[in-house]
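An overview of the molecular structure
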Amino acid sequence: ATQIKAALDLMRRLPPKDIESSLSDILTLAPDIVDDLLSAVDQPLKVAKCQESGKDYLLCDYNRDGDSYRSPWSNKYYPPLDDGI
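These notes cover the structure that comes with them. (Residues numbered from 1 in each chain as written. Predicted model: local features only at pLDDT ≥ 70, side-chain atom pairs only at ≥ 80, totals over all residues. Heavy atoms only, no water.)

Some remarks on the layout of surface pockets
- Taken as a whole, the largest pocket holds about 510 Å³ of empty space.
- Along the wall of the largest pocket there are 20 residues; nearest its centre are Leu23, Leu38, Gln43, Arg64 and Tyr69.
- Residue assignment for the lining of the largest pocket shows that the elements contributing at least two residues are α2 (19-29) and α3 (34-40).
- Of the residues contributing to the lining of the largest pocket, the split by class is 10 nonpolar, four polar and six charged. (1 Å grid on protein atoms, 1.4 Å probe; cavity = no way out; pocket = protein on both sides within 12 Å on 5 of 7 lines; lining within 4 Å. Points joined across faces, edges and corners; volume = space filled by probe spheres on them. Helix = DSSP H or I, 4+ residues; strand = E, 2+ residues; numbered from the N terminus. Nonpolar A, V, L, I, M, F, W, Y, C, P; charged D, E, K, R; others polar.)

Here is the structure:
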């Protein structure tokens, strides 16, 4: 709980324009707080293209599992999950 509190405090003090790199740097230092920090920090939405259908989809918390995102068009994760799902 102390790490997440410190990370959130740090994120509030860093420039918003650098949110992605700041978040990545913090998570490199404290990988055990990935899920808590990613769900607590708002990030700009990104769009990805489904490799099977060619359709665009949003990358967000609702379709994220670790570092992978599920395409609603093919129901596959990109990049593929380590456990093979």
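And the narrative resumes.
Considerations on the pairing of strand β2 (residues 56-59)
- When strand β1 (residues 46-49) meets β2, the two strands line up antiparallel, connected through four bridges. Within β2, the position partnered with Val47 by the bridge is Leu58.
- What sits between β1 and β2 in their antiparallel hairpin is a turn of six residues, with Gly54 showing a positive phi close to 80 degrees. (Pairing = 2+ DSSP bridges.)

Brief notes about the packing of aromatic side chains
- Following the criterion strictly, the structure yields zero aromatic pairs and no others.
- The aromatic ring of Trp73 is capped on one face by Lys55, whose charged end is 4.5 Å from the ring centroid. (Phe/Tyr/Trp six-rings, centres within 6.5 Å; stacked < 30°, edge-to-face > 60°. Lys NZ or Arg CZ within 6 Å of the ring centre and 35° of its normal.)

Looking at the environment of Asp83
- By secondary structure assignment, the location of Asp83 is in the segment after β5 (77-78).
- Asp83 gets classed as exposed once you look at its relative accessible area, which sits at 58%.
- Along the backbone, Asp83 and Leu45 are 38 residues apart, and their C-alpha atoms lie at a distance of 26 Å. (Buried < 20%, exposed > 50% of the residue type's maximum accessible area, 1.4 Å probe, protein only.)

As for the side chain of Ser22
- Tracing the backbone through its elements, the reader meets Ser22 in helix α2.
- Exposure remark for Ser22: the relative accessible area of 9% places this residue in the buried category.
- Apart from the residues within four sequence positions on either side, Ser22 is in contact with Met11 and Leu14. (Contact = heavy atoms within 4.5 Å.)

A look at the nonpolar core
- Within the largest apolar cluster, 12 residues are counted, these being Ile4, Ala7, Met11, Ile19, Leu23, Ile26, Leu27, Ala30, Ile33, Leu37, Leu38 and Val41.
- The set of elements that each furnish at least two residues to this core consists of α1 (2-13), α2 and α3.
- With four residues, the top contributor of residues to this core is α2.
- Setting aside residues up to four positions removed in sequence, Leu38 forms contacts with Leu23, Leu27, Gln43, Asp61 and Arg64.
- Membership of the second largest hydrophobic core comes to five residues, among which are Ala48, Cys50, Leu59 and Tyr78. (Core = buried A, V, L, I, M, F, W, Y, C linked by side-chain atoms within 4.5 Å.)

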